[in-house]
Amino acid sequence: MADARKRCDRTAAWGQLQERFRSGSASFDLRDAFAQDDGRFARFSQQAPHVFADLSKNLIDAGTEQALMALARECGVEAHRDAMFAGERINNTENRAVKHWLLRAPRDAQDPDSMAVHETLEAMLAYAEHVRADATITDVVNIGIGGSDLGPQMAVAALDAFRIRGKRLHFVSNIDAHELDAVLQQLRPEGTLFLVASKTFTTLETMTNARSARVWFQQQGGNEIARHFAALTTNVEAARQFGITTTFGFWDWVGGRYSLWSAIGLPLAIAIGAQRFSAFLAGAHAMDQHFRREPLERNLPVRLGLLDVWYRDFHGFASRSIAPYHSALRRFPAYLQQLEMESNGKSVDAQGQPLPFATSPVLWGEAGTNGQHAYFQMLHQGTDRVPVEFIAVREPAHGIPGHHELLLANALAQAQALMQGKPDAGGHRNFSGNRPSTFFVLDTLGPESLGALIALHEHRVFTSGSVWGIDSFDQWGVELGKVLASDIAQRLASGDTVGLDGSTAGLLQRLRP
Ligand SMILES: O=P(O)(O)OC[C@H]1O[C@H](O)[C@H](O)[C@@H](O)[C@@H]1O
């Protein structure tokens, strides 16, 4: 497909944004903005499906947001979004469509893939229910990495309150077998179900771990590999060759970091059950509809994605900190790291032309309040301004009194402190303030709201990637290290350092057994 997007820095809106930044935005003060405008909270906050977002403590005014909307329109973000939902091959470097949204859409007779999606979903959910009902299975081990690990791991933790009791879920990703070893020590072969999760079924880490798990299983006297191993993959043939007969497939138009909604979600379906898994998909679908249909001005993923562009390319902010004030969301920052940094961490456009402006920021963070006692010092008083994203949940899932109010109070207080500061204090006690943050509120952390929160971020990343003109759905940057690792693995065995740089050669010699 010819990419119809216009290079964002060649638009009139880009020039206007530069001008706005030069002529005032650099000295924009949030405290004044609130003092001057009673309606600021209402203007810059909104309810989207299952997610409320307050953007008012960000360094924007109505004029800037308007110019950002103009930028999106001039760049062709809407047409690009519609092309994704029309199933066009917008992942042009891999010549693939991008249809993870179809995995959470109701049956659609018009879409050629919808039938297969729903057949697979039904089979997978039936299997999940079967595993849930099978009391002999006490442990489920997901073996996968990247998109085949971070999504299900994050979501299983996030929805722990809904998790089936009496079964343990484990996630093994690293090729470092300390991880596999620690899990295997807790298992009995007859009580274990291994899920080998890999889109390609070739990933070194996953295949190595899966083979070692199979060896362990057989050495421990396990039999019936067919009953104790299942595969989640687009490469059903490779799974069969591995000896796995229970496979749940998906399609090349599902990117790894967008695959939680596919068979890769099986650990989550086992954890929370078919009905709740369907609710999880429905929550994401509601956000898809919002993204497709709402005008840009009331379109939350679009507003967030454009804010990201404003911060990265005009303010020059190089990172964003994620602060979920809910311990069940502790893996959410790691999940977002892959989603955003693997999608938009590119320095060429979709045609391979170098981009003269900055793209993906660094994402990082920890659950609150823990982060407050570690790195928030730098957020409040460091030399860099780092936009912070708070996520708070109104209703707790526990009944222990006195905690949740304090948790929420801390989230609010941190956002307030970042903005208000204490500029008169002087010296070490001085807080400059005027530090931006976004505040998300969920009524409860449940399947629907989690689905919506994730889809919101997918579309937000789509929006900034679309403005930047990059292919957000490939990941060529992970290839070089993989190729070099296989060369170095041979050299580690042989000791051959010919042709290596001095550092790699020196370290290789030091690391050889
Ligand atoms: O699911 P797999 O094919 O095993 O891939 C697992 C992961 O590894 C790759 O190197 C990519 O960087 C990720 O996008 C992917 O999710």
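Quick caveat, the model's predicted, so the values are computed rather than measured. (Residues numbered from 1 in each chain as written. Predicted model: local features only at pLDDT ≥ 70, side-chain atom pairs only at ≥ 80, totals over all residues.)

Novice: Residues and numbers for the packing of helix α13 (residues 274–293) against helix α18 (residues 447–468), please.
Specialist: It is at 7 Å that the axes of α13 and α18 come closest, and there the two elements cross at 40°. As the angle between them shows, α13 and α18 are arranged oblique. Crossing of α13 against α18: the hand is right-handed. Packed against α13, whose contacting residues are Arg276, Ala279, Phe280, Leu281, Ala282, Gly283, Ala284, Ala286, Met287, Asp288 and Phe291, the element α18 presents Pro447, Glu448, Ser449, Leu450, Gly451, Ala452, Ile454, Ala455, Leu456 and His459 at the interface. Partitioned by chemical class, the residues of the contact of α13 with α18 number 14 nonpolar, four polar and three charged. (Axes fitted to C-alpha atoms, helices over the stretch in contact; angles between N-to-C directions. Helix = DSSP H or I, 4+ residues; strand = E, 2+ residues; numbered from the N terminus. Parallel < 35°, antiparallel > 145°, perpendicular 65-115°, else oblique. Left-handed = near helix turned anticlockwise from the far one by under 90°. Contact = placed C-beta atoms within 7 Å. Nonpolar A, V, L, I, M, F, W, Y, C, P; charged D, E, K, R; others polar.)

Novice: Mind laying out the packing of helix α14 (residues 300–315) against α18, listing which residues take part and the relevant values?
Specialist: Running from N to C, α14 and α18 point in directions that differ by 50°, and their axes come no closer than 8 Å. By the angle class used here, α14 and α18 are oblique. As for how α14 packs across α18, the hand of that crossing is right-handed. Across from Leu300, Pro301, Val302, Leu304, Gly305, Leu306, Asp308 and Val309 in α14, the residues of α18 making contact are Leu456, His459, Arg460, Thr463, Ser464 and Val467. In terms of residue class, the contact of α14 with α18 is made up of eight nonpolar, four polar and two charged.

Novice: Tell me what's going on with the domain arrangement of the protein, and back it up with residues and numbers.
Specialist: Along its sequence, the protein is carved into domain 1 (44–96 + 278–421 + 438–467), domain 2 (106–272) and domain 3 (478–511). With centres defined by C-alpha atoms, the gap from domain 1 to domain 3 works out at 39 Å. (Domains from an automatic or database assignment.)

Novice: I'd like a description of the pairing of strand β6 (residues 229–233), backed by residues and values.
Specialist: When you tally the buried positions in β6, you get five out of five residues, the bulk of the element. The side-chain alternation of β6 yields two buried faces, one formed by Phe229, Ala231 and Thr233 and the other by Ala230 and Leu232. Pairing of strand β5 (residues 192–197) with β6, which is carried by four bridges, proceeds in the parallel orientation. Across the sheet, the residue bridging to alanine 197 is leucine 232, located in β6. Bridge analysis of β6 against strand β7 (residues 246–249) gives four bridges, and the strand direction is parallel. Residue pairing for β7: leucine 232 is matched across the bridge by phenylalanine 248. With helix α11 (residues 236–242) bridging β6 and its parallel neighbour β7, the resulting β-α-β unit is right-handed. (Buried ≥ 20, exposed ≤ 12 C-beta atoms within 10 Å, placed from the backbone. Pairing = 2+ DSSP bridges. Right-handed = clockwise from strand over helix to strand, strands pointing away.)

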